[in-house]
Amino acid sequence: MDIMAFYKGIAGTNTVPATILSISIMLLAGFLITRITKKLHLPNVTAYIVAGILIGPFCLNLIPDRFVTATGFLPDIALAFIAFGTGEFFKLEALKKNGPKVFVITIFEALVATVLVFGLCYGIFKMPLPFSIVLSALAAATAPASTMMTIRQVKAKGEFVDTLLQVVALDDMLGLIAYSVSISIATTSFAGRSFNLMGSLRPFFLNLGILLLGGFFGFLLYLFMRNRHTTDNRLIIAIATMFSFCGISAIFEASPLLGCMAMGAVYINLSDDEGLFKQLNYFSPPILLLFFVRSGISFDLGALFVSGTFGRYPLILVSVGYFFVRIVGKYAGSFLGCLISGSGVKVRNYLGLALIPQASVAIGLAELGARTIKGEAGNALLAIILAASVLYELIGPGTAKLALYLSGSYEPDDETGEISGVDAADDAEHESERDDGGEDISFDKESTEDPGDNIPVSDDVPIMTGPKKEASSDKSKSKKSKKNKKDKVKKSAIKDDGFENIEEKYFDEGAREYYENLTSPEPKKKKKKKSKKEKEKSKGK
């Protein structure tokens, strides 16, 4: 189907309808595929890439090439959002506590993965040296978005989680520096120019300048946010600051990743404002969806099954080899780094499993690399990373979740927040039975054992004087105990998953009946019927 002929037929030379319809198709396709991947318990990133492949030139061909070329800025914008969010985890308090250990672990896990992938590509698959250097540099990066999604899903916390988040953020930084140097070498080599040391180190100093500039923009953002602003204005200021920085980075042909990471780190340390990061997380999904779908559209499926300039083997085999060798490198490197830095046994044994996911940052850098190298080499780089990313997103979140469980960072029930309201009511009922030997609780003045005996009576409870003083005191205590039991049941239920009326949702009939009896006001005592003699006496009086 010639999509451009179709658009010209309905709109002539006007390109606005084609642009708007292309955005709409991308958003809708990405959303619909997530409905399928959700049933298969797969992450959204996988759905977006598959959606891009389906609507791209190798399947339905619904998106014009002109639109894909015109949206070349999307990788920069998407990386800016991802990197700014990652900067939230560079808090000085956490860095002072775990900084040296995290740095050692990151160096080893990134270096071992990079060296092994380079050996695979250059030594076994006989790929060109500059291409092998770029591909091995990308092996250092991890997927912060996928890792964060898994941590939030299971509500994990503790030393293992803190170490994991800092390592993920830091190895993306190292990966970007390695990528910048390697892409400079590759560009020089593919252009046929002689190797120049200063020319190769130029990207390193350029990224150092971008890092410092990003920190300055983080300070500016802090100054802008000091005054009270509405929620809408806060979002506008933050996005305007990030886009301005991305534009400056594009002028110098540098990635905004490192600078936006520094911007987020400076802002969180100066303001301690986590609300802005949450607000940006609500705004960014459509942008990230468009970025990943566009990556799928650019995916050259035909290149995966053809061997040629880049070695003796098809690229699909290179992608699978890259997939397995990087996993081995990440696990072995993190294990060795933890061993040298003296980290705990659980961190040492399971951190490598949590570093397997790779998608957002690597795909963004591969997009930038394809745009820089161009030609067959650029397409091959993007094809290998996209194919491997699909595999990583299939197993990565599962291995990360397994690592969090084995490290004791969460309990299985924490994943859904379940101790249900039924359990809470049952626990309260069992406690009451233990208090008075399994008999029903009775709150009248003739009760021999009162469950509220150990609860002090507050000063605002009226106490009667005279012979009925003891009975009224017991009665007020019993009311107090009933109120406390009611609060316990409510608090335990609310704490579980945030539903204030969780008992209405989960209580079975027995628990509901118990709860109603427990919280209902004390029934009024029926007046005793007067006997005939008493009635006659009262009439006589």
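Model, not experiment: these values are computed from the prediction. (Residues numbered from 1 in each chain as written. Predicted model: local features only at pLDDT ≥ 70, side-chain atom pairs only at ≥ 80, totals over all residues. Heavy atoms only, no water.)

Considering the environment of Ser341
Here Ser341 shows up in helix α16 (residues 315-341). On the basis of relative accessibility, which here comes to 18%, the residue Ser341 falls in the buried class. Residues Ser341 and Val104, 237 residues apart in the sequence, show an inter-C-alpha distance of 6.5 Å. Excluding residues that lie within four positions of it along the chain, Ser341 makes contacts with Lys101, Val104 and Ile105. In terms of polar contacts, Ser341 uses its side chain to reach the side chain of Ser343, at 3.1 Å. (Helix = DSSP H or I, 4+ residues; strand = E, 2+ residues; numbered from the N terminus. Buried < 20%, exposed > 50% of the residue type's maximum accessible area, 1.4 Å probe, protein only. Contact = heavy atoms within 4.5 Å. Polar contact = N/O pair within 3.5 Å; in protein donor to acceptor, adjacent residues only side chain to side chain.)

Things to note about the packing of aromatic side chains
Given two aromatic rings, one states the distance between the centres and the angle between the planes to describe the pair. Per the stated rule, a full pass over the model turns up 15 aromatic pairs. When the centroid spacing of 6.5 Å and the interplanar angle of 85° are considered together, the rings of Phe216 and Phe217 count as edge-to-face. Taking relative accessible area as the criterion, Phe217 reaches 11% and is therefore assigned buried. Here the aromatic rings of Phe217 and Phe245 are separated by 5.4 Å at their centres, their planes lie at 65°, and the arrangement is edge-to-face. Pair noted here: Phe217 is in helix α10 (residues 197-225) and Phe245 is in helix α11 (residues 231-251), with a separation of 28 residues, a long-range link. (Phe/Tyr/Trp six-rings, centres within 6.5 Å; stacked < 30°, edge-to-face > 60°.)

Here's the deal with a nonpolar patch on the surface
On the surface, Phe305, Tyr313, Ile316, Leu317, Val320 and Phe324 cluster together into a nonpolar patch covering about 530 Å² of accessible area. Looking at where Phe324 falls in the secondary structure, it is placed in helix α16. (Patch = residues over 30% accessible without salt bridge, like charges linked within 9 Å, V, L, I, M, F, W, Y side chains within 5 Å. Areas by Shrake-Rupley, 256 points an atom, 1.4 Å probe, with all protein chains shown as cover. Salt bridge = Lys/Arg side-chain N within 4 Å of Asp/Glu carboxyl O.)

Digging into the nonpolar core
Counting 126 residues, the largest nonpolar core has Leu135, Leu164, Leu280, Tyr322, Leu351 and Leu404 as the members making the most contacts within it. When residues of this core are assigned to their parent elements, the largest contribution, 14 residues, is made by helix α19 (residues 375-406). If we ignore the near neighbours within four places in the chain, the residues touching Tyr322 are Val117, Leu120, Leu135, Leu138, Ala139, Gln358, Ile385, Ala388 and Tyr392. (Core = buried A, V, L, I, M, F, W, Y, C linked by side-chain atoms within 4.5 Å.)

Considerations on the packing of α16 against helix α17 (residues 345-354)
Where α16 contacts α17, the axes come no closer than 8 Å and their chain directions differ by 155°. On the basis of the axis angle, α16 is roughly antiparallel to α17. Note on packing geometry: the crossing formed by α16 with α17 is right-handed. From α16, Lys330, Tyr331, Ser334, Phe335, Cys338 and Leu339 reach across to α17, where they touch Val347, Arg348, Asn349, Leu351, Gly352 and Leu353. Its residues assigned to classes, the contact of α16 with α17 shows seven nonpolar, three polar and two charged. (Axes fitted to C-alpha atoms, helices over the stretch in contact; angles between N-to-C directions. Parallel < 35°, antiparallel > 145°, perpendicular 65-115°, else oblique. Left-handed = near helix turned anticlockwise from the far one by under 90°. Nonpolar A, V, L, I, M, F, W, Y, C, P; charged D, E, K, R; others polar.)

Quick word on the pattern of salt bridges
Scanning the model with the defined rule gives seven salt bridges in all. Arg234 is paired through a salt bridge with Asp273; the nearest N and O atoms lie 2.7 Å apart. Linking Arg234 in helix α11 with Asp273 in the loop between α12 (257-271) and α13 (274-283), this pair joins segments that are 39 residues apart in sequence. Judged by relative accessible area, Arg234 falls into the buried class, the value being 17%. Assessed through its relative accessible area of 16%, Asp273 is described here as buried. Each of the salt bridges in this network shares a partner with another, and the network as a whole consists of Lys91, Asp272 and Glu274.

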